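In case you want the letters, here they are:
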Amino acid sequence: MNPTTTTPLEDDEIIGGLLMAAEKATHSLKGRSLEELLSTPETRETLRHYATEMGEAALQVSEMMRNWASHIPWELLISLRDGAQPLGDDDAVRALWSFFQEQFPPVRMALQEMWQPAHLRRKADPVEEYALDKNTYDFFRPAGRDLLKRTEEYYGWVEARRQTETWPYSRTLEVTPGSKAQVTNEAGRRTQGINFASQDYLSLNAHPAVREAAARALHDFGPHSAGSAMAVGNTRISEELEQALASLVQMEHITLFPTGWAAGFGAVVGLVRPEDHVLIDRLAHACLQQGARAATKNVIRYEHLNSEAVRQSLKDIRARDSRNGILVVTDALFSVDADWPDLITLQAVCREYDATLLVDVAHDLGSMGPGGTGVLGMQDLLGKVDLVMGAFSKSFASNGGFLASHSPAVKQYVKMFGGSHMFSNALSPVQTAVVLKATELIRSPEGDTLRAKLFGAVHALREELTGQGLTCMGSPSPIVPLLIGNEKLARTVYRLFFDRGVLAVMVEFPVTPIGAARFRLQVQASHEPGEAREAARVIGRSISDARAHLTSAFGSELV
Amino acid sequence: MFDAIIIGGRCAGSATALQLARKGHKVLVVDRSTFPSDVISTHFLWPHGTSYLNRWGLLDRVLAQTPSHTEIHLVNDGIPLAGTVPVELLRQYFQQLHGDDTGVVQRYASVRRLVLDKLLVDAAVEAGAEVREGFVVEELISEGDQVVGIRGRTRQGARVEERARVVVGADGRHSFVARTLKLPKYDERLKCTFAYWSYFSGFSLGTAHMHRRGRVSIAVVPTNFNQNMTLVFGPSEWFESFRRDVAGNFQRALDFVSPEIGERVRTQGKREERFYGTVDQAAFLRPLFGPGWVLVGDAGSSKDQCTATGMTHAFRDAELVSAALDAGLSGRQPLDVALKQYESRRRSQSAAAYYDYVCTQAEMRPLRHDELQLFVVLRSNQEETNRFIATHGDIAPLSEFFQASNLMLLSDAAKESSRDYAVFADFEATSRMYQQNLFAA
Ligand SMILES: Cc1cc2nc3c(=O)[nH]c(=O)nc-3n(C[C@H](O)[C@H](O)[C@H](O)COP(=O)(O)OP(=O)(O)OC[C@H]3O[C@@H](n4cnc5c(N)ncnc54)[C@H](O)[C@@H]3O)c2cc1C
Ligand SMILES: Cc1ncc(COP(=O)(O)O)c(C=O)c1O
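Because the structure is predicted, anything quoted here is derived from the model rather than measured. (Residues numbered from 1 in each chain as written. Chains lettered and ligands numbered in written order. Predicted model: local features only at pLDDT ≥ 70, side-chain atom pairs only at ≥ 80, totals over all residues. Heavy atoms only, no water.)

### Focus on the site of ligand 2
Residue and element names in this part refer to chain A.
Okay, so step 1: In the neighbourhood of ligand 2, the contacting residues comprise Thr 259, Gly 260, Trp 261, His 285, Cys 287, Asp 331, Asp 360, Ala 362, His 363, Ala 391, Ser 393 and Lys 394.
Okay, so step 2: Separating an oxygen atom of ligand 2 from a backbone N or O atom of Gly 260 is a distance of 3.0 Å.
Okay, so step 3: Note that an oxygen atom of ligand 2 is positioned 3.0 Å from one of the side-chain N or O atoms of Lys 394.
Okay, so step 4: When ligand 2 sits alone it has 390 Å² of accessible area, and the protein chains cover 83% of it.
Okay, so step 5: Here the shell around ligand 2 is built from residues that sort into 4 nonpolar, 5 polar and 3 charged. (Near = heavy atom within 4 Å. Polar contact = N/O pair within 3.5 Å; in protein donor to acceptor, adjacent residues only side chain to side chain. Areas by Shrake-Rupley, 256 points an atom, 1.4 Å probe, with all protein chains shown as cover. Nonpolar A, V, L, I, M, F, W, Y, C, P; charged D, E, K, R; others polar.)

### Quick notes on the interface of chain A and chain B
Okay, so step 1: Facing the 64 residues of chain A at the interface are 61 residues of chain B.
Okay, so step 2: When the two sides are added together, the surface that chain A and chain B hide from each other amounts to roughly 5,500 Å², 53% of it contributed by carbon and sulfur.
Okay, so step 3: Put simply, chain A and chain B have 4 salt bridges between them.
Okay, so step 4: Arg 32 of chain B is the salt-bridge partner of Glu 75 of chain A, the closest N and O atoms lying 3.3 Å from each other.
Okay, so step 5: There are 17 residue pairs in polar contact (both at pLDDT 80 or more) connecting chain A and chain B.
Okay, so step 6: Broken down by element, the side of chain A that touches chain B gets its largest block of residues, 5 residues, from helix α5 (residues 63–68) of chain A.
Okay, so step 7: Residue composition of the side of chain A that touches chain B, grouped by class: 31 nonpolar, 15 polar and 18 charged. (Contact = heavy atoms within 4.5 Å. Buried area = accessible area lost by both parts, 1.4 Å probe. Salt bridge = Lys/Arg side-chain N within 4 Å of Asp/Glu carboxyl O. Helix = DSSP H or I, 4+ residues; strand = E, 2+ residues; numbered from the N terminus.)

### So, the site of ligand 1
Okay, so step 1: With respect to spatial proximity, 33 residues lie near ligand 1, and among them Arg 10, Asp 31, Thr 42, Asp 298 and Met 311 of chain B are the closest.
Okay, so step 2: Neighbouring residues of ligand 1 are distributed over chains A and B.
Okay, so step 3: One of the backbone N or O atoms of Ala 12 of chain B is found 2.9 Å from an oxygen atom in ligand 1.
Okay, so step 4: Side-chain polar atom of Asp 31 of chain B to an oxygen atom of ligand 1: 2.7 Å apart, as the coordinates give it.
Okay, so step 5: A total of 1,000 Å² of accessible area belongs to ligand 1 in isolation, and the protein chains cover 98% of it.
Okay, so step 6: Of all the elements in the fold, those that place two or more residues in the shell around ligand 1 are α5 of chain A together with α1 (11–22), β9 (136–143) and α10 (310–329) of chain B.
Okay, so step 7: Top contributing element to the shell around ligand 1 by residue count: α10 of chain B, with 3 residues.

### Remarks on helix α10 (residues 152–163) of chain A
Since one α-helical turn is 3.6 residues long, residues separated by three or four positions face the same way.
Residue and element names in this part refer to chain A.
Okay, so step 1: With 12 residues, α10 should reach 16 Å at 1.5 Å per residue; the first-to-last C-alpha distance of 16 Å fits that figure.
Okay, so step 2: All buried positions along α10 are accounted for by Trp 157, Val 158, Ala 160 and Arg 161. The buried residues of α10 occupy an angular sector of 155 degrees when projected down its axis, which confines them to one face.
Okay, so step 3: Of the residues flanking the end of α10, it is Glu 165, one or two places downstream, whose phi is positive at about 55 degrees. (Expected span 1.5 Å × (residues − 1). Buried < 20%, exposed > 50% of the residue type's maximum accessible area, 1.4 Å probe, protein only. Arc of directions from axis to C-beta.)

### What to know about the sheet that holds strand β3 (residues 44–45) of chain B
Residue and element names in this part refer to chain B.
Okay, so step 1: The strand order across the open sheet built from 3 strands is β3-β7-β4, with neighbouring strands paired in antiparallel fashion. Lying at the two open borders of the sheet, with one neighbouring strand each, are β3 and β4 (68–69).
Okay, so step 2: In terms of strand pairing, β4 meets strand β7 (residues 108–110) through 2 bridges, oriented antiparallel. The partner of Ser 68 across the bridge, within β7, is Ala 109. (Pairing = 2+ DSSP bridges.)

### Comments concerning the domain arrangement of chain A
Interfaces are often sized by the amount of accessible area the parts lose when they come together.
Okay, so step 1: When its domains are assigned, chain A resolves into domain 1 (11–116), domain 2 (156–195 + 446–556) and domain 3 (207–443).
Okay, so step 2: Here the C-alpha centroids of domain 1 of chain A and domain 3 of chain A sit 76 Å apart. (Domains from an automatic or database assignment.)

### Observations regarding the environment of Glu 53 of chain A
Residues and elements named next belong to chain A.
Okay, so step 1: Looking at where Glu 53 falls in the secondary structure, it is placed in helix α4 (residues 41–60).
Okay, so step 2: The class for Glu 53 is partly exposed, based on a relative accessible area of 37%.
Okay, so step 3: Separated by 33 residues in sequence, Glu 53 and Met 20 have C-alpha atoms that sit 9.7 Å apart.

### Some details on the domain arrangement of chain B
All names here are of chain B.
Okay, so step 1: Splitting chain B by domain gives domain 1 (2–48 + 111–187 + 284–354) and domain 2 (193–278).
Okay, so step 2: The gap between the C-alpha centroids of domain 1 and domain 2 is 31 Å.
Okay, so step 3: Contact with domain 1, which involves 12 residues of that partner, is made by 16 residues of domain 2.
Okay, so step 4: Note on domain 1 versus domain 2: buried area summed over both sides is about 1,100 Å², and carbon and sulfur give 63% of it.

### Quick notes on the sheet that holds strand β5 (residues 277–281) of chain A
Residues and elements named next belong to chain A.
Okay, so step 1: Strand order in the open sheet made by the 7 strands is β4-β10-β9-β8-β7-β5-β6, with mixed pairing throughout. Two strands bound the open sheet, and with one partner strand each, they are β4 (253–257) and β6 (299–302). The average angle at which neighbouring strand axes cross in this sheet is 20 degrees, direction not considered.
Okay, so step 2: Relative to strand β10 (residues 401–405), β4 is paired through 5 bridges, and the arrangement is antiparallel. (Axes fitted to C-alpha atoms, helices over the stretch in contact; angles between N-to-C directions.)

### What to know about helix α11 (residues 208–221) of chain A
All names here are of chain A.
Okay, so step 1: Its 14 residues place the ends of α11 20 Å apart at the C-alpha level, agreeing with the 20 Å of an ideal helix rising 1.5 Å per residue.
Okay, so step 2: Taken residue by residue, α11 has Val 210, Ala 213, Ala 214 and Ala 217 as its buried positions. An end-on view of α11 places all buried positions within 100 degrees of arc, on one side of the element. Exposed residues on α11 whose side chains face more than 90 degrees from its buried face are Pro 208 and His 219.
Okay, so step 3: Along its buried surface, α11 packs onto α19 (429–443).
Okay, so step 4: After α11 finishes, the residue Gly 222 shows a positive phi value of roughly 80 degrees.

### Some points on the pattern of salt bridges
Residue and element names in this part refer to chain A.
Okay, so step 1: One pass over the structure, following the stated rule, counts 56 salt bridges over all chains.
Okay, so step 2: Two residues, Arg 451 and Asp 448, come together in a salt bridge whose shortest N-O distance is 2.8 Å. Placement of both Arg 451 and Asp 448 in helix α20 (residues 445–467) is noted, with a separation of 3 residues, approximately one turn of the helix.
Okay, so step 3: Asp 448 gets classed as partly exposed once you look at its relative accessible area, which sits at 43%.
Okay, so step 4: One continuous salt-bridge network, built from bridges that share partners, spans Glu 463, Glu 464, Arg 533, Glu 534 and Arg 537.

### Overview of the confidence of the model for chain B
When pLDDT drops low, the exact placement of atoms in the prediction is not to be read closely.
Okay, so step 1: Here chain B averages 94 in pLDDT, and 100% of its residues register 70 or above.
Okay, so step 2: Here the prediction assigns the complex a pTM of 0.73, and the interface score ipTM is 0.91. (pLDDT = per-residue confidence, 0-100.)

Here it is as structure tokens:
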């Protein structure tokens, strides 16, 4: 026997039938009073007929569905069969009448919503939907053999995000970055507001002494280094800078690089060979990750901050490989989560297994810790870590980076084999002079004052945000990561921030995992605490409004 | 006066009841159903789901009547993967969430709710909980804003009132407790799948098979009574056209996604029940607790079926909430502090990431070129395949597998090439074809 004819109908078909019968029953009552109904036999009959049909349908609905859709009064619907039977009984007709007038409307809505959810009938703006839905990674592996043409799909998405003003990259600053700034977005709109988007933690970009140093270097040496540091790209102040940095981090040998990225990449690539191993914190900066991948296939990405995991991996590696090198790589202050590792343990574990530790201090050196010595200083590790690298781009008001070690041999070797030192134009004289002056300021009492101001604003901002029920990740540092989660929500909030004069960096995949989008609020010494609090209130309101917008545009509430 | 009244006696409710009762609390469970009783679900239990049952001493009873396996077969646009959830990842899961990893098993099982829920109810009774079946709760009793009890109707029609120190809403997606307290739904994700399934006898594929092609998925999983739970799902936008001819489109979907499985079902399969189906699967979260009440399972958050995790999550909640309620009821901790901890586990950052993952999966967009490449890459890396499967089922954290640098490392180490798979031959044309509604007349 064919089972299709013997098994009952599928639930949706039955519920569709029930709704149809209900429609007809209600139609027969339209515009009629109870008295009219009672005195019109045909209408009584029609009503009885459709009520019975509804009851029969409810009875056929599967047990599965009834137990699941427990908000539908199935028993009541089933009872429509019997309640309607005695045709002549006025009370039965009255009961049906009041059922359709009072009880049924919400039930009908609930059934309708199950049977054909409202969102299937709603149309959203397709461009906005496209812009809010996709991820950069959707385009990471374009298909096709035309290398140039296959970039177009990604470009189409970027265009959609620009059009909807949800594209966070490449805005243009109209004036120098300060605590307030004016920017133009890609749609050509201009806004002015509190600037959490620039990385200038100590506000040295506006410092008269720094500007003065830049002007003098420009006058003395011209704007151009005109060659690699290995050739003639260095000036006498380059050496002065190396010494100043050596005193700050208490490591004698400093190599300068044209960017922080070049320092991280060059340090790893310069030292690690294909047979060697790299253990790297999952969240370490991209320049280090890419350096590791370029240097060897033996890369282990350990759980963020987990020194026990490092110990275990080192033990495993050493059990099978006693000959080759192991580089352990971590940031000091992590920019995405605003936290830092226990470097004392990490360095001790490295010593135990003959591994080398490289720490990236790009974000913390200068901006926190005693005398601006960063996380190393806070953990009393100045001069006690194998290798330290940093970038000038956060607290030293310039491009550039460095690698510090205790060994002249390491310095010479990385200069030659790191690639990014030898095969790139040296820091310009102006940059060198700026970093030198910044280093002096960082180490001076004025540096302490600037850091105290910076942290005053950091605490005010975190406190006000947390007070509004928002989540600030990590510990107090110049970076305040405000967790949002959903990308769609973050992109919409971003647009509101722009309109309301809060300039902040949105980070989403691939910088953070999917579904963990956030804003990175970068605080500066020139932010006033009151200003930071006011900004936090604007942020809170923008997030509520973005949720409301998404609800009305797409019918989805994102909390 | 009870310590706890639990409304709903299935995955969330009975599991909570049996653990509370075992700790010596006085528990009442009420459910409008009479067990054994079925409820909508395709009832796949991932290994952490069966591990929970094992931790509570119930897995043997389940497996005595239910087939179970360790290896899962996935095929995505013709790229096959097979794997098993690793024990270490299961251990890490339980350690991380519950602080103890006893009872971990690697088996998965597809258990009819008819079987499973009855077993859970019986276990709750054995543990000392009072269970009233056929009992419909019609009102919550409140004093001020504190919920203090329930009013309802017994199977015989008698009206009854009961009071307790806490009322647990384990009453499913359409939760009575949530509706009565007018709790908001938030972070709603309306795009979801439509799912249609039935039970077929007459053939066996051995283990669980889950295949995907374009915007349509099918699954065949051996379940009780020598039957195969056979499921088809696709994007909610295609729902209307699908249901115009359920039986015909069901077979069409099987044939489209896997001609071999389509053929097996057509020629050897005997359908034993009607088709079941629903598109009412939009995801949402609700507040989890308040004065005198707490929600567990689907009542607190419900998601699309596409990753088959709702029951396992109900078990997870049951274990978390009973630990919290035990601490609160016994006075070791203020109740609201304990429940806050329950909430923070359920609403952790990694839980939020998984919620996003399921909701994104539920949109059933065609697999992207890079996703398919990833599946090719995984073919030569069993360890990462296993981790991917564990990640998909919410056993391993998403942030570890789907971290950009991990994906890059994976593809660096690829051994197979995409050349071997037809889907890459003219990928653009294929993707365009996938966008066409398969069920449009
Ligand atoms: C199509 C589909 C397929 C699915 N497939 C899977 C899968 O493969 N694997 C998986 O893990 N999950 C799956 N799920 C999800 C899973 O079914 C749910 O997450 C799970 O049932 C939730 O369990 P629960 O105990 O919270 O609620 P339920 O199972 O819904 O139980 C709630 C109980 O409360 C009772 N109740 C409600 N109101 C009252 C009242 N007023 N008085 C008395 N009693 C009341 C009801 O009678 C019911 O018995 C699927 C869901 C759907 C929709
Ligand atoms: C931790 C870390 N290291 C290195 C760099 C690279 O520095 P730069 O921008 O100067 O190239 C950055 C900045 O992006 C960073 O955040």
